[in-house]
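Take a look at the letters that make up each chain.
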Amino acid sequence: MVSSRESPCFAKPSTTQFFSRGIQTKETSSKELAKLIMSEATPYNSEFGISEFTILKLYVNFTFQNHDHQLTLLPRLDSFTCNACGLKGDRSPYACFDCGFMIHQDCLALPRVININRHDHRVSHTSVLGDGDMNSVCGVCHKKVDWTWGGFSCKRCPGYVVHSKCATRKDVWNRKELKGIPEEEEDIEPYVVIDDKTIQHFSHKEHYLEIHGNGILYEQNKRCSACTHPIGLQSFYGCTECDFSLHQKCAECPTRKWHVLHNERLTLVTNKELEVFDCYACKRKSNGFMYKHGKKTLDVLCGSISEPFTHPSHPHHPLYYTLIEKEELCNGCNGREYLILKCIEGDCGFVLGFTCATLPQVVNHRVDDHPLSLCYGEEEEASGKYWCDICERETNPNNWFYTCKNHLACLHIKCVLGDSSGFMPRSVATCWTRSFEVVLNDSVTRPFCSRCKSRCMYPINSQVAWNIKYIHLLK
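As recorded in an unreviewed UniProt entry, the protein goes by Phorbol-ester/DAG-type domain-containing protein and comes from Brassica carinata.

Laid out in structure tokens, this is it:
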């Protein structure tokens, strides 16, 4: 009995044999062709794992949409490099006998023109990137791209390229082919400039906003409507007729943007109803502005993060969103995080979760008359114990903490910010099917929490209207 490897029908057919079969397919009905192919292919199926349902498709010559010549299947075990993606293959490529082009079977379905969440413009696939991209790195994985193979590139941004496999990842591409669809310029500017100091923001069209510079008095009662953090210690826009305010960075957030955590464009929602939502990236609750698509929501702090991301805790190298299989330790809090921003330089391995990446650098707290600064942990082993003056418990100096002007304090981040820092004081919001008023904990006596049965030390509390009890908004 002749084995499948020794079968005359499948023992490395010659080019002539492949072309004769290709011509024959054009003159034979589909039913006759199926019978012919199945009778010859039976000993071949088990060895190469080709199902009966795909035999007909594989034997018909195929014209790849990104290639000018006809491609023919080579059903054999043989190593090759795919021209479309630049990766190695070990069996059954489609090949061009005119120019030597070879391609994986799954790369035949590569799209021509797409949007990816790492770039503002469309990117197009090409079979050879060209020497103009000789020193380029991939816009997704940030590894070097071999310009002699295929990939995606931006026609408007010279040097911006992406590996074929990276561009078509499910978390990067929304599975929409845009070839033949005109690209429309979208107005994403959040405000109209009135003069050098005045703007009209889309979230507050009824009044103009005026810029205020750095160094103003920190106001705990005045909050940015977008991020809900106190106004002060940085530039902000204030309404000329009411108390509406926006930090300058928040006012500049585009109305629509791509984000590394979602493969669809996100829309900035002003959330005037003060709807409570959970930020997908950091798990904080908030009722400020949000970036949203479908059920996925990000607060403006996490939603504003883009690549490359620079953070003062790691000033020498930028950070990038990295897809990981298991959780990694955040260098800020030493907690395990699945959504991370990571340094890709050599063996650095510096990692930040989105919570630590968006912590305010400077805050005010009644524990000290001066602003508190975020400290990125002690590099050297502490000679003694560190204590938090707010909760009066020990602080781990290896984790980030807030410290005062003379660096004598070592305050837990949660003790300084609390668990409700994403809420706008004096607002009424709904959470857990209950309505509550968000109030500042600025009285002489700390209120008693009905949940944990202790005096609340956090700067913001939630007062349930119907029974005047205070609760912590625990995550």
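Having seen the structure, we can now continue with the description.
(A) Just the nonpolar core, in detail. Phe-354 and Tyr-402 are the most contacted members of the largest nonpolar core, which has 55 residues in total. When residues of this core are assigned to their parent elements, the largest contribution, 4 residues, is made by helix 8 (residues 413-417). Sequence-distant contacts of Phe-354, defined by excluding residues within four places in its chain, comprise His-259, Leu-261, Ala-281, Cys-282, Cys-302, Ile-305, Tyr-321, Leu-339, Ile-340 and Leu-341.

(B) Summary view of the packing of aromatic side chains. This model, assessed by the stated rule, comprises 3 aromatic pairs. For the pair Tyr-191 and Tyr-237, a centre-to-centre distance of 6.3 Å together with 45° between the ring planes defines the contact as tilted. Here Tyr-237 lies in strand 16 (residues 236-239) and Tyr-191 lies in strand 11 (residues 191-193), a separation of 46 residues in the sequence. Pairing Tyr-376 with Trp-400 gives two aromatic rings, centres 5.0 Å apart and planes at 65°, and the pair type is edge-to-face.

(C) Highlighting the sheet that holds strand 23 (residues 296-299). Strand order in the open sheet formed by 4 strands is 18-19-22-23, with antiparallel pairing between adjacent strands. For this open sheet the edge positions go to strand 18 (256-259) and strand 23, each flanked by a neighbour on one side alone. The mean inter-strand angle of the sheet, taken between neighbouring strand axes irrespective of direction, is 35°.

(D) Structural view of the environment of Phe-423. Considering the arrangement of structural elements, one finds Phe-423 in the loop between helix 8 and strand 34 (428-431). Owing to a relative accessible area of 0%, Phe-423 belongs among the buried residues under this scheme. A sequence separation of 139 residues divides Phe-423 from Arg-284, and the C-alpha atoms of the two residues are 9.8 Å apart.

(E) Representation of the sheet that holds strand 24 (residues 320-322) in the model. Across the sheet, 3 strands lie side by side as 24-27-28; this open sheet has antiparallel pairing. Either end of the sheet is taken by a strand with one partner, and the two such strands are strand 24 and strand 28 (351-353). Recorded for the sheet is a direction-independent mean angle of 40° between the axes of neighbouring strands. Summarising the sheet, strand 24 and strand 27 (residues 340-342) pair through 3 bridges and their orientation is antiparallel. What sits directly across from Thr-322, in strand 27, is Ile-340.

(F) Quick look at the pattern of salt bridges. This structure, assessed with the given rule, holds 11 salt bridges. Here Lys-342 and Glu-328 are joined by a salt bridge, their closest N and O atoms 3.2 Å apart. Of this pair, Lys-342 sits in strand 27 while Glu-328 sits in strand 25 (residues 328-329), placing them 14 residues apart in sequence. What emerges from the salt-bridge pattern is a single network uniting Arg-156, Glu-183 and Glu-185.

(G) Representation of the pairing of strand 8 (residues 123-126). As defined by bridge partners, strand 7 (residues 113-114) adjoins strand 8 across 2 bridges and the pair is classed as antiparallel. Counted as the bridge partner of Ile-114 is Val-123 from strand 8. Relative to strand 9 (residues 151-153), strand 8 is paired through 3 bridges, and the arrangement is antiparallel. Residue pairing in the sheet places His-125 in a bridge with Phe-152 of strand 9.

(H) Unusual backbone geometry, seen in detail. Here the amide bond leading from Glu-307 into Pro-308 is cis, since omega sits at -10°, within 30 degrees of zero. In this structure, Pro-308 sits in the loop between helix 6 (300-303) and strand 24. One non-glycine residue with positive phi stands out, namely His-142, at about 65°. Mapped onto the elements, His-142 comes out in the loop between strand 8 and strand 9. Of the residues examined, His-142 reaches a relative accessible area of 19% and is grouped as buried. For Thr-228, which is not a glycine, the phi torsion comes out positive at approximately 70°. The residue Thr-228 is located in the loop between strand 14 (219-223) and strand 15 (230-231) in this model. Accessibility expressed as a relative area gives 0% for Thr-228, which makes it buried.

(I) Examining the environment of Arg-256 more closely. With respect to the secondary-structure elements, Arg-256 resides in strand 18. Along the sequence, Arg-256 and Thr-267 sit 11 residues apart, while their C-alpha atoms lie 4.6 Å from each other. Discounting residues that sit within four places of it in the chain, Arg-256 has contacts with Glu-186, Ile-188, Arg-265, Leu-266 and Thr-267. Within the structure, the side chain of Arg-256 is placed 2.9 Å from the side chain of Glu-186, a separation counted as a polar contact.

(J) Spatial organisation of the state of the cysteines. Enumeration over the complete set of coordinates arrives at 0 disulfides. The structure places no disulfide on Cys-85, whose sulfur is separated from the nearest cysteine sulfur, that of Cys-82, by 3.7 Å. The buried category is assigned to Cys-85, whose relative accessible area is 6%.

(K) Representation of the environment of Asn-83 within the structure. Mapped onto the elements of the fold, Asn-83 is located in the loop between strand 3 (77-81) and strand 4 (88-91). On the basis of relative accessibility, which here comes to 16%, the residue Asn-83 falls in the buried class. C-alpha of Asn-83 to C-alpha of Gly-151: the two residues are 68 residues apart in sequence and 9.0 Å apart in space. If sequence neighbours within four positions are ignored, Asn-83 has contacts with Gly-100, Phe-101, Met-102, Ser-127, Trp-149 and Gly-150.

(L) Seen up close, the side chain of Thr-403. For Thr-403, the location among the structural elements is in strand 33 (residues 401-403). Side-chain polar atoms of Thr-403 contact the backbone oxygen of Ala-409, separated by 2.8 Å. In this structure, Thr-403 is in contact with Pro-371, Leu-372, Ser-373, Cys-375, Leu-408 and Ala-409, ignoring residues within four places of it in sequence.

Definitions and limits used
Residues numbered from 1 in each chain as written. Predicted model: local features only at pLDDT ≥ 70, side-chain atom pairs only at ≥ 80, totals over all residues. Heavy atoms only, no water. Core = buried A, V, L, I, M, F, W, Y, C linked by side-chain atoms within 4.5 Å. Buried < 20%, exposed > 50% of the residue type's maximum accessible area, 1.4 Å probe, protein only. Helix = DSSP H or I, 4+ residues; strand = E, 2+ residues; numbered from the N terminus. Contact = heavy atoms within 4.5 Å. Phe/Tyr/Trp six-rings, centres within 6.5 Å; stacked < 30°, edge-to-face > 60°. Pairing = 2+ DSSP bridges. Axes fitted to C-alpha atoms, helices over the stretch in contact; angles between N-to-C directions. Salt bridge = Lys/Arg side-chain N within 4 Å of Asp/Glu carboxyl O. Polar contact = N/O pair within 3.5 Å; in protein donor to acceptor, adjacent residues only side chain to side chain. Disulfide = S-S within 2.5 Å.

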